[in-house]
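# Chain and residue survey
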Amino acid sequence: MRKLLIILFAFFAFANGNSQIKKPVKWTSKTEKISDTEFNLVMIATIEEGWHMYSQFTPEGGPLALVVTVINQKGNFELLGKAKESAYKKEFNKDFEVDEYYFEGTATVIQKVKITNPNTSKIVVNLDFQACLNQCINDKVDLIFDIPVSVQVEQATSTQDTTKNDTTSVLKKETKQEVVIAPKLDPKKEDKKGLWSIFFLAFLGGLAALLTPCVFPMIPMTVSFFTKQSKTPAQGKRNAIIYGISIIGIYVVLGLAVTAIFGADALNALSTNVWFNVIFFVLLVFFATSFLGAFEIMLPNSWANKVDRQADRGGIIGILFMALALAIVSFSCTGPIVGTLLVQAASSGGIAPIIGMLGFSSALALPFMLFAMFPGWMHSLPKSGGWLNTVKVSLGFLELALAFKFLSNADLVLQLHWFEREVFLAIWIAIFGTWGIYLLGKITLPHDSLLTHISVGRLMLALVVLSFTFYMIPGLFGAPLKLISAFPPPEEYSESPNGVGGSSAVLSSEKLPQGAERNKHGLMIFTDYEKGLAYAKEVNKPVLLDFTGHACVNCRKMENNVWTDKNVSQILKNEVVLISLFADDKRELPKSEQHISSSTASKIITIGDKWTDFMITKYKTNTQPLYVLVNLEGINLNSITPTTSYDPDARLYENWLKQGIANFKK
């Protein structure tokens, strides 16, 4: 009786746990009338607590981005711009080594359309999306929008859910279609943490700009002007504060202009664009070569002369023009820094360029205000000299290194493999190594002073730079380099994804059976069920089915943290045949294999559709990761716990594998 109760309990736990079709995202829709021919198609997602659904702007290489496809468009209507979204959150994902943009709780997507065919009465929008918690699901839904004849018409329409992850049939949902006058869209909110990071980095950029030959010598000159020209100390302090605020205002206006010209949404969308990344690369190389001394970026002298004449007028207007004169005269040093900050801020989109300029200008203005208010502090300032050009050149090396990050992004998106991990690291090692040698005085660049010795500070900086250079060298041979994991391409995007030398090299050189390949951990995997099962029969080993996804976060966590465990790794290499089936593989099946699922009534068009339908039909679930250990007839080997999912406990996973393998050998 006790055994019977245990079996019954396990059955119901399985039926209500792993074997469950999850739908953490529910969609509703409404039509908003703007004019007789223009409408907003409003799609509202309600997301279960804890789950993340990913934005259409999510960068390549991370979770799957939302894809909005308007189906019956041709000859009936035009799309007015790209679909807009409500606020999303942004967070760096260390498993994918990219930022992920996601929604929590709720999300709104709005597509504006213009009707060109007066007979158009319905528009169908397909939403293809991914949501993740401890597992990930890939889902699709069709929303049908009624195009009303007049405002305030309400009607019930049938919306067909074509989600491939449905276990019964195509569901007909009665969705209330609302027609209202379109309100103005709320501006996209920025991730506060991200904006603070931008402000802080820009502030550091402003401090670096202070230590350049174009700005630093102007501090005592400007402070002396205010103290001598002001009738009273109080007036001098007031004028200095106005001067500092004017500097901040000038650069913030620049940030406003960039945001206004490109648009907050456009900047965000462009940040993941290949050509935008290539243009950023070219700009930063241009700025870097200027800092290294190849040439100087100068604004026309006539601008400085005109502004200088206006500064002689005195009063608040004169002070404002003095601040503008500082910006123009120092442009050869501040321009590359400002340009780099704007490039970086633009890649974040939204109001980031404004926040970046606020941080930069605050750091730039602060010393001018403080030293004017407390002139006695001037004696603590170091004297100008050749060290200022050293700072400028050092910034050039940093900009040059940063430039290659943008080129790497473009190569990753295009999957050209021209700029793999080893090439990126080799370039960084060359840049930082040369910088270290320069700091030791072994290389002289234009505008450098002759050195008879180097300062202790310069020596210490050289040691730090050279140490960082040596730290990167093992990365050429497969070391993870966790300190800079956000910068180089991921480990699998390399010439030797399994490392150079050691056992992984031996594994990668072995001849693999037909249909097999190596994953980044050196494990042999099949990505086709039939081929994998055929090989398992040949070697008489059980099959571990790994239902996974290219963009599944917790799949990567299991692979990186559990599969790499010494005991688990040995089991996966030697005792099972591993078949990884990617539920988000968007490659289309041959036309002869495309069909309507007999069990879910979903369209099976892609390879991912095929494996998702297999997972739903066989194991009654649609979440990844999902692991099933089966024998050569496809029957589960673990009777108590037939499947397992995301669990970072390597010992539990090991015991689950051992139990199934023991049953196979009986």
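Residues numbered from 1 in each chain as written. Predicted model: local features only at pLDDT ≥ 70, side-chain atom pairs only at ≥ 80, totals over all residues. Heavy atoms only, no water.

## Thoughts on the environment of Cys-136
Quick note on the threshold: Comment: elements are numbered from the N terminus, with helices defined as DSSP H or I runs of at least four residues and strands as E runs of at least two. Think of it in three bands: residues with accessible area under 20% of the maximum for their type are buried, residues over 50% are exposed, and the middle band is partly exposed, with areas taken using a 1.4 Å probe on protein chains only.
Relative to the helices and strands, Cys-136 resides in strand S11 (residues 136-146). Overall, Cys-136 belongs to the buried group, its relative accessible area being 0%. Separated by 412 residues in the primary sequence, Cys-136 and Thr-548 have C-alpha atoms spaced 8.8 Å apart.

## With respect to helix H18 (residues 607-619)
Applied cut-off: How far a helix is expected to stretch is found by multiplying one less than its residue total by 1.5 Å.
Compared with an ideal rise of 1.5 Å per residue, which puts 13 residues at 18 Å, H18 spans 18 Å between its outermost C-alpha atoms and is within 8% of the ideal. Along H18, the positions that sit buried rather than exposed are Ile-607, Gly-608, Asp-609, Trp-611, Thr-612, Asp-613, Met-615, Ile-616 and Tyr-619.

## Re the environment of Cys-552
With respect to the helices and strands, Cys-552 occurs in the loop between strand S17 (543-548) and helix H16 (553-562). Cys-552 gets classed as buried once you look at its relative accessible area, which sits at 0%. Linking Cys-552 and Gln-130, residues 422 residues apart in sequence, is a C-alpha distance of 8.9 Å.

## Notes on the pattern of salt bridges
Selection rule: By salt bridge we mean one thing: a side-chain nitrogen of Lys or Arg within 4 Å of a carboxyl oxygen of Asp or Glu.
For the structure shown, the criterion picks out 12 salt bridges. What emerges from the salt-bridge pattern is a single network uniting Asp-565, Arg-651, Glu-654 and Lys-658.

## Looking at the packing of helix H17 (residues 566-574) against helix H19 (residues 650-665)
Condition: Fitted lines through C-alpha atoms serve as axes, helices being fitted only where they are in contact, and the angles separating the N-to-C directions of these axes extend from 0 to 180 degrees. We call two directions roughly parallel when the angle between them is under 35 degrees, roughly antiparallel when it is over 145, roughly perpendicular when it lies between 65 and 115, and oblique otherwise. The hand of a helix crossing depends on one turn: near helix anticlockwise from the far one by less than a right angle means left-handed, and clockwise means right-handed. We call two residues in contact when some of their heavy atoms are within 4.5 Å. Basically, the charged four are Asp, Glu, Lys and Arg, the nonpolar ten are Ala, Val, Leu, Ile, Met, Phe, Trp, Tyr, Cys and Pro, and anything else, Gly included, counts as polar.
Closest axis-to-axis distance for the H17/H19 pair is 9 Å, and the angle between their directions is 30 degrees. In terms of orientation, H17 lies roughly parallel with respect to H19. Viewed along their axes, H17 and H19 form a crossing whose handedness is left-handed. Residues Asn-567, Val-568, Ile-571 and Leu-572 of H17 form the contact with H19, whose own contacting residues are Ala-650, Arg-651, Tyr-653, Glu-654, Leu-657, Lys-658 and Ile-661. When the residues that make up the contact of H17 with H19 are grouped by side-chain class, the tally is seven nonpolar, one polar and three charged.

## Observations regarding the side chain of Asn-631
Defined as follows: For this analysis, a polar contact is any N or O atom pair within 3.5 Å, provided that within protein one partner can donate a hydrogen and the other can accept it, and provided that sequence-adjacent residues contribute only side-chain to side-chain pairs.
Note that Asn-631 resides in the loop between strand S21 (626-630) and strand S22 (643-644). Here Asn-631 falls in the buried class, since its relative accessible area comes to 15%. Only 2.9 Å separates the side chain of Asn-631 from the backbone nitrogen of Glu-633, close enough to count as a polar contact. Apart from residues no more than four positions distant in its own chain, Asn-631 is found in contact with Leu-637 and Phe-664.

## What to know about the pairing of strand S1 (residues 25-33)
Operational definition: Here a strand pair is declared whenever DSSP counts at least two bridges between the two strands.
Across nine bridges, the pairing between S1 and strand S2 (residues 38-47) is antiparallel. Its bridge partner being in S2, Ser-29 is matched across the sheet by Met-43. If you look at the hairpin formed by S1 and S2, you'll find four residues sitting between the two strands.

## Brief notes about the sheet that holds strand S16 (residues 524-526)
The mixed open sheet is built from six strands, whose spatial order is S15-S16-S18-S17-S21-S22. This sheet does not close on itself; its edge strands, each paired only once, are strand S15 (516-518) and S22. In this structure, S17 lies alongside strand S18 (residues 577-582), joined through six bridges in parallel fashion. Bridge assignment links Asp-546 to a residue of S18, and that residue is Ser-580. Packing of helix H15 (residues 529-539) onto the sheet brings it into contact with S16, S17 and S18, and relative to S18 it is tilted by some 175 degrees.

## Regarding the packing of aromatic side chains
Our working definition: Each Phe, Tyr or Trp ring (for Trp, its six-membered ring) is paired with any other whose centre lies within 6.5 Å, and the angle between the two planes then decides the class: stacked below 30 degrees, edge-to-face above 60, tilted in between. Either the NZ atom of lysine or the CZ atom of arginine qualifies as a charge over a ring when it sits within 6 Å of the ring centre and within 35 degrees of the ring normal.
Summed over the entire model, instances satisfying the criterion amount to 24 aromatic pairs. Their ring planes at 45 degrees and their centres at 5.9 Å tell us that Phe-432 and Trp-435 sit as a pair that is tilted. Of this pair, Phe-432 and Trp-435 both sit in helix H12 (residues 421-439), three residues apart, roughly one helical turn. An aromatic cluster is present here, built from Phe-281, Phe-397, Phe-404, Phe-419, Phe-424, Trp-428, Phe-432, Trp-435, Tyr-438, Phe-468 and Tyr-471 joined pairwise through their rings. Against the face of Tyr-438 rests Arg-458, its NZ or CZ located 5.2 Å from the ring centre.

## Details of the confidence of the model for the chain
As a reminder of what qualifies: Confidence of the predictor at the level of single residues is captured by pLDDT, which takes values from 0 to 100.
Taken over all residues, the pLDDT of the chain has a mean of 77, while the share at 70 or more is 75%. Scored below 50 in pLDDT, residues 150-190 makes 126 contacts in the model with residues more than four places away or belonging to other chains. The low-confidence segment residues 501-509 (pLDDT under 50) makes six contacts with residues lying over four places distant or belonging to another chain.

## A short note on a nonpolar patch on the surface
We count it as follows: The patch calculation keeps residues exceeding 30% relative accessible area without a salt bridge and links them within 9 Å when they carry like charges or within 5 Å when they are nonpolar (Val, Leu, Ile, Met, Phe, Trp, Tyr). Each accessible area is a Shrake-Rupley estimate made with a 1.4 Å probe; only the visible protein chains count as cover when residues are assessed.
Side chains of Leu-440, Val-456, Leu-459, Met-460 and Leu-463 sit close together on the surface and give an oily, nonpolar patch of about 440 Å² of accessible area. For Val-456, the position within the fold is in helix H13 (residues 456-472). With relative accessibility at 63%, the residue Val-456 sits in the exposed group.

## Topic: the packing of H12 against H13
Between H12 and H13, the least distance of the axes is 8 Å, while the angle of their chain directions is 160 degrees. Here H12 lies roughly antiparallel to H13, going by the angle between them. Judged by the twist between their axes, the crossing of H12 over H13 is left-handed. Between H12 and H13, the contacting residues are Trp-428, Ile-429, Phe-432, Gly-433, Trp-435, Gly-436, Ile-437, Tyr-438 and Leu-439 on the first element and Arg-458, Leu-461, Ala-462, Val-465, Leu-466, Phe-468, Thr-469 and Met-472 on the second.

## A few points about H19
With 16 residues, H19 extends 23 Å from end C-alpha to end C-alpha; this agrees with the ideal 22 Å at 1.5 Å per step. On its buried side, H19 packs onto S17, H16, H17, S21 and S22. Regarding H19, its N-cap is Asp-649, as a side-chain oxygen of that residue lies 3.0 Å from the backbone nitrogen of Arg-651 further along.

## Some details on the state of the cysteines
In plain terms, the rule: Sulfur atoms of two cysteines make up a disulfide when they are within 2.5 Å.
One pass over the full model with this rule turns up two disulfides. Sulfur-sulfur distance for the disulfide between Cys-132 and Cys-136 comes to 2.0 Å. Residues Cys-132 and Cys-136 share a disulfide whose torsion about the S-S bond is about 110 degrees; that sign makes it right-handed. For Cys-132, a relative accessible area of 4% puts it in the buried group. There is a disulfide in this structure between Cys-552 and Cys-555, and the S-S distance comes to 2.2 Å. Judged by the sign of its S-S torsion, about 80 degrees, the cystine formed by Cys-552 and Cys-555 is right-handed. Residue class for Cys-555 comes out buried when judged on its relative accessible area of 0%.

## Observations regarding unusual backbone geometry
Pro-625 follows Gln-624 through a cis peptide bond whose omega is 5 degrees. Along the chain, the position of Pro-625 falls in the loop between H18 and S21. The backbone of His-447 shows a phi angle near 75 degrees, a positive value even though the residue is not glycine. The residue His-447 is located in the loop between H12 and H13 in this model. The exposure class assigned to His-447 is exposed, which follows from its relative accessible area of 51%.

## Digging into the side chain of Arg-556
Along the chain, Arg-556 turns up in helix H16. Overall, the relative accessible area of 9% leaves Arg-556 in the buried class. Polar contacts involving the side chain of Arg-556 include one to the main-chain carbonyl oxygen of Gly-549, which spans 2.8 Å.

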